[in-house]
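Descriptive structure summary
Listed below are the residues making up each chain.
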Amino acid sequence: MMERIPSTAIPWILIAASVATLAGAYFFEHVLGYIPCSLCLQGRAPHYFAIGAALIAGILSREANIGIGALAFLGLCVLAYAGGVGISAYHIGVEQKWWEGPAACGSGGLVAGSLEELQSALQGRVHAPRCDEAAWSFFGISLAGFNLLISLVLGALAALPLWRYFRESRGEA
């Protein structure tokens, strides 16, 4: 099935999937009211980077052949998604209490960022997010787990044109 996906379409698929992933995160944050912890926010960064790199790869790709420049930017996407897998795996480990998370995650912090944040916290309207507690899960998979799965799939998809190029350069069609 993967052979059916044209290499020139892959950058655009990566952009759409990363935008959808970020839109889902913003939906959980702004519509459903789940305040992201610092690790959740860090887990978004690879998607932002991959969107930019995939956009450049998509612009550089030609109709019949994706081109070496586009392959280089797709390689950067692979690295970005690998970083996303690492951040998500670390976050899952913190949620499962396999290891401790950053100091900013566990306690919720004693210092508010602004007077409004302090007033909201004192009135009980805002609860500081904790990285070691999954705010939401579906079939036992937290949002960090879904981000790990999405990053794995997108990283493999970004690597597909690189793999094809490697095979073709060795004469294996």
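These notes cover the structure that comes with them. Once a new chain begins, its residue numbering starts again from 1 and follows that chain's sequence as written. Where totals are concerned, whole chains, interfaces and linings use all residues; where local detail is concerned, this predicted model gives features only for residues with pLDDT of at least 70, and gives and counts side-chain atom pairs only at 80 or more. To obtain the side-chain values, all non-hydrogen atoms of the structure were included, while hydrogens and water were left out.

So, about the packing of aromatic side chains. Under the pairing criterion, centres of Phe, Tyr and Trp rings, with the six-membered ring standing for Trp, must be within 6.5 Å; the plane angle then separates stacked pairs below 30 degrees from edge-to-face pairs above 60, leaving the rest tilted. Summed over the entire model, instances satisfying the criterion amount to four aromatic pairs. By way of ring pairs, the aromatic residues Phe 27, Phe 28 and Tyr 34 are connected into one cluster. Over the aromatic face of Tyr 26 sits the side chain of Arg 44, whose NZ or CZ is 4.8 Å from the ring centroid. Here the guanidinium or amino end of Arg 167 rests over the ring plane of Trp 163, the centre of that ring lying 4.4 Å away. In this analysis the charged atom, NZ for Lys or CZ for Arg, is taken to sit over a ring once it is within 6 Å of the ring centre and within 35 degrees of the ring normal.

Further remarks concern the environment of Ala 25. Each helix is a run of DSSP H or I of at least 4 residues and each strand a run of E of at least 2, with the numbering of both proceeding from the N terminus. Along the polypeptide, Ala 25 turns up in helix α1 (residues 10-31). Considered as a pair, Ala 25 and Asn 147 are 122 residues apart in the sequence and their alpha carbons are 9.6 Å apart.

Among the structural elements, His 47 can be located in helix α2 (residues 38-60). Each residue gets one of three labels from its accessible area relative to the maximum for its type: buried under 20%, exposed over 50%, partly exposed in between, using a 1.4 Å probe on protein chains only. His 47 gets classed as buried once you look at its relative accessible area, which sits at 1%. Any N or O atom pair separated by 3.5 Å or less is treated as a polar contact, with the protein-specific requirement of one donor-capable and one acceptor-capable atom, and with residues adjacent in sequence counted only for side-chain atom pairs. In terms of polar contacts, His 47 uses its side chain to reach the side chain of Ser 18, at 3.2 Å. Setting aside chain neighbours within four positions, we find His 47 in contact with Ser 18, Thr 21, Leu 22, Tyr 81, Asn 147, Ile 150, Ser 151 and Leu 154. The contact criterion used is simple: two residues touch if any of their non-hydrogen atoms lie within 4.5 Å.

Working definition: the covalent bond between the sulfur atoms of two cysteines is a disulfide. When the sulfur atoms of two cysteines come within 2.5 Å, that pair is taken as a disulfide. Considering all chains together, one arrives at zero disulfides under this definition. Cysteine Cys 40 is unpaired, with the sulfur of Cys 37 as its nearest cysteine sulfur at 3.4 Å. On the accessibility criterion, Cys 40 (29% relative accessible area) is partly exposed.

Taken N-terminus to C-terminus, the directions of α2 and helix α3 (residues 68-95) make an angle of 170 degrees; their axes are 8 Å apart at the nearest point. As summarised for this structure, α2 and α3 are arranged roughly antiparallel, according to the angle between their axes. Residues of the contact of α2 with α3, tallied by class, amount to 20 nonpolar, seven polar and no charged. Lines fitted to C-alpha atoms define the axes, with helix axes restricted to the stretch in contact, and inter-axis angles between N-to-C directions lie between 0 and 180 degrees. Working rule for angles: under 35 degrees goes down as roughly parallel, over 145 as roughly antiparallel, 65 to 115 as roughly perpendicular, anything else as oblique. Only Asp, Glu, Lys and Arg are considered charged in this grouping, and only Ala, Val, Leu, Ile, Met, Phe, Trp, Tyr, Cys and Pro are considered nonpolar; every other residue, Gly among them, is considered polar.

The subject of this paragraph is the nonpolar core. Nonpolar core, defined: a set of buried Ala, Val, Leu, Ile, Met, Phe, Trp, Tyr and Cys residues in which side-chain atoms within 4.5 Å join the residues together. Ranked by internal contacts, the top residues of the largest apolar core, which has 21 residues, are Ile 10, Leu 14, Cys 77, Tyr 81 and Leu 157. Where this core is concerned, the elements lending two or more residues are α1, α2, α3 and α6 (143-169). When residues no more than four places from it in sequence are discounted, the contact partners of Tyr 81 are Leu 14, Ser 18, His 47, Ala 50, Ser 151, Leu 154 and Gly 155. In terms of nonpolar packing, the next biggest core, distinct from the first, is built from five residues, Cys 37, Leu 39, Cys 105 and Cys 131 among them.

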